[in-house]
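# Descriptive structure summary
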Amino acid sequence: MELPINLQVEPIKKHHISKYQSIHQTFWLILKEEGVTALWKGHIPAQLLSIMYGTGSMYSYNVLMEYYDKYLSFYEQENVARYAAGACAGSVGTIVSFPFDTIRTRLVAQSNNNQVYKGVIHSCSTILRHESPKVFFFGLSPTLLQIAPHSGFQFLFYDCIKNLYKKCFDQTEIHFYNSMISGSIAGLMAKTIVYPLDLARKRLQIQGFEHARKRFGKFFKCSGLVDCLTITLKEEGLKGLFKGLVPSQLKAALTTALHFTFYEQALLIIRST
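Because the structure is predicted, anything quoted here is derived from the model rather than measured.

Let us look at the overall build of the protein. When helices and strands are counted, the protein shows nine helices and zero strands. Across the protein, helices and strands are ordered from the amino to the carboxyl terminus as α-α-α-α-α-α-α-α-α. The buried share of the protein, reckoned over its 273 residues, is 49%. Taken as a whole, the protein presents about 14300 Å² of accessible surface, with 66% of it coming from carbon and sulfur.

If you want it as structure tokens, here you go:
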């Protein structure tokens with residue numbers, strides 16, 4: 001539900017020109033118009049995106065922090081190192097997974113009644129035939145601008161909250177509840193800080209895709225990050241930069257918690273064998 005709200009130019013409130021007016025109304029309208037399967041549109045590329053991003057970012061973060069511990073720990077700037085390593089790790093994960101993000105966005109953005117793409121493979125071949133490989137990376141620049149601070153804050157907040165939790169409960173190992181709580185708080189805080197850039201990324205990813213958005217109201221047109229943010233502010237106000245924030249926060253809290261929890265538990269299993 002996050003993406004339809006992100007892409008709507010009209011205000012998210014009860015108004016005769018607004019297709020989506022609230023989270024509750026959006027949920028039921030999608031069910032009514034497109035069926036229950038519409039709630040899982042783009043699920044496969046989203047999973048591939050999650051796997052590629054998680055693998056790339058977690059591995060990169062570990063490598064960078066090991067480098068810090070080995071060569072730079074004498075600076076005694078661990079929080080700065082966590083933020084910098086997280087920012088770099090997030091950028092690596094984003095670059096390797098970004099094509100799946102674009103495909104996911106386009107699959108979700110199209111209407112079931114006006115389908116341009118029939119699936120992941122068809123969307124890839126259609127983009128390559130009728131557009132350009134560059135399309136897979138539309139919106140990469142604002143995404144990197146967003147993901148670097150987002151990932152940096154996420155890793156920083158997670159490590160800080162995790163260590164605080166361990167001190168409060170006198171723990172030496174990272175337990176399940178620690179990872180879940182620390183991850184969810186870190187994900188929510190990081191997403192909130194950089195949300196306008198996330199909104200811009202999604203709007204940039206659908207440029208040139210207006211033929212599949214005819215039933216969704218006015219199509220948002222822009223030519224770049226600054227133009228996207230400027231037009232959004234001008235036409236939709238400051239609130240427009242935070243459209244879809246609540247479902248995005250819920251998603252970020254849950255996914256970040258699960259990412260860190262599975263990662264930490266996997267490390268514990270590996271170390272114990």
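Turning to helix α7 (residues 176-205), a few remarks are in order. Taking 1.5 Å per residue, 30 residues should reach 44 Å; α7 reaches only 36 Å between its end C-alpha atoms and comes up short. The largest bend along α7 reaches roughly 70° and is located at valine 194, with the proline proline 196 sitting one to four residues downstream.

In total, this model carries one cavity of 30 Å³ or more according to the counting rule given. Volume-wise, the largest cavity comes out at about 40 Å³. If you go around the largest cavity, the residues you meet are Tyr53, Gly54, Ser57, Met58, Gln154, Phe155, His259 and Phe260. When residues of the lining of the largest cavity are traced back to their parent elements, those giving at least two are α3 (43-72), α6 (140-168) and α9 (245-272). Ranked by the residues each element gives to the lining of the largest cavity, the list is headed by α3, at four residues. Residue composition of the lining of the largest cavity, grouped by class: four nonpolar, four polar and no charged.

For the rest of this paragraph, the subject is the side chain of arginine 82. By the element assignment, arginine 82 lies in helix α4 (residues 78-109). Apart from residues lying up to four places away in sequence, arginine 82 is in contact with Tyr61, Met65, Gly152, Phe155, Leu156, Asp159, Cys160 and Asn163.

Moving on, we come to the nonpolar core. Met58, Tyr61, Met65, Phe155, Tyr158 and Phe260 are the most contacted members of the largest nonpolar core, which totals 16 residues. Broken down by secondary-structure element, the contributors of at least two residues to this core are α3, α4, α6 and α9. Not counting chain neighbours up to four residues away, the residues in contact with tyrosine 158 comprise Phe153, Ile174, Ser179, Ser182, Gly183, Ala186, Phe260 and Glu264.

Running from N to C, α6 and α9 cross one another at 65°; their axes reach a closest spacing of 12 Å. At the point where α6 passes α9, the crossing takes the right-handed sense. In this structure, α6 uses Gln154, Phe155, Tyr158 and Lys162 to contact α9, whose residues at the interface are Thr256, Phe260 and Glu264. Looking at the contact of α6 with α9 residue by residue, the classes come out as three nonpolar, two polar and two charged.

Turning our eyes to something else, we now look at a nonpolar patch on the surface. A cluster of nonpolar residues, Phe176, Tyr177, Ile181, Ile185, Leu188 and Met189, forms a patch on the protein surface that exposes about 540 Å² of accessible area. Relative to the elements of secondary structure, phenylalanine 176 occurs in helix α7.

Moving on, we come to the layout of surface pockets. In this structure, the second largest pocket occupies an estimated 400 Å³ of space. Around the second largest pocket, the lining comprises 19 residues; the ones closest to its centre are Tyr61, Asn62, Met65, Asp159 and Lys162. Counting only elements with at least two residues in the lining of the second largest pocket, the list comes to α3, α4, α6 and α9. For the lining of the second largest pocket, the element with the most residues is α3, which contributes six residues.

Remark: α7 packs on α9, axes separated minimally by 7 Å, with the N-to-C direction vectors making an angle of 140°. It follows from the interaxial angle that α7 and α9 lie oblique. Considering how the two elements wind past one another, α7 and α9 form a crossing that is right-handed. Contact residues: Phe176, Ser179, Met180, Gly183, Ser184, Gly187, Leu188, Lys191, Thr192, Tyr195 and Asp198 in α7; Leu245, Ser248, Gln249, Ala252, Ala253, Thr256, Ala257, Leu258, Phe260, Thr261, Glu264 and Gln265 in α9.

Looking now at the pattern of salt bridges. Scanning all chains against the criterion turns up 12 salt bridges. The salt bridge involving arginine 82 is made with glutamate 78; its shortest N-O contact spans 3.0 Å. In this pair, arginine 82 and glutamate 78 both sit in helix α4, four residues apart, roughly one turn of the helix. Arginine 82 gets classed as buried once you look at its relative accessible area, which sits at 10%. On the basis of relative accessibility, which here comes to 40%, the residue glutamate 78 falls in the partly exposed class. Glutamate 264 serves as the salt-bridge partner of lysine 162, at 3.6 Å between the closest nitrogen and oxygen. One end of the pair, lysine 162, is in helix α6; the other, glutamate 264, is in helix α9, and 102 residues separate them in sequence.

What counts and what doesn't
- Residues numbered from 1 in each chain as written.
- Predicted model: local features only at pLDDT ≥ 70, side-chain atom pairs only at ≥ 80, totals over all residues.
- Heavy atoms only, no water.
- Helix = DSSP H or I, 4+ residues; strand = E, 2+ residues; numbered from the N terminus.
- Buried < 20%, exposed > 50% of the residue type's maximum accessible area, 1.4 Å probe, protein only.
- Areas by Shrake-Rupley, 256 points an atom, 1.4 Å probe, with all protein chains shown as cover.
- Expected span 1.5 Å × (residues − 1).
- Bend = angle between axes of the 7 residues up to and from the residue.
- 1 Å grid on protein atoms, 1.4 Å probe; cavity = no way out; pocket = protein on both sides within 12 Å on 5 of 7 lines; lining within 4 Å.
- Points joined across faces, edges and corners; volume = space filled by probe spheres on them.
- Nonpolar A, V, L, I, M, F, W, Y, C, P; charged D, E, K, R; others polar.
- Contact = heavy atoms within 4.5 Å.
- Core = buried A, V, L, I, M, F, W, Y, C linked by side-chain atoms within 4.5 Å.
- Axes fitted to C-alpha atoms, helices over the stretch in contact; angles between N-to-C directions.
- Left-handed = near helix turned anticlockwise from the far one by under 90°.
- Patch = residues over 30% accessible without salt bridge, like charges linked within 9 Å, V, L, I, M, F, W, Y side chains within 5 Å.
- Salt bridge = Lys/Arg side-chain N within 4 Å of Asp/Glu carboxyl O.
- Parallel < 35°, antiparallel > 145°, perpendicular 65-115°, else oblique.

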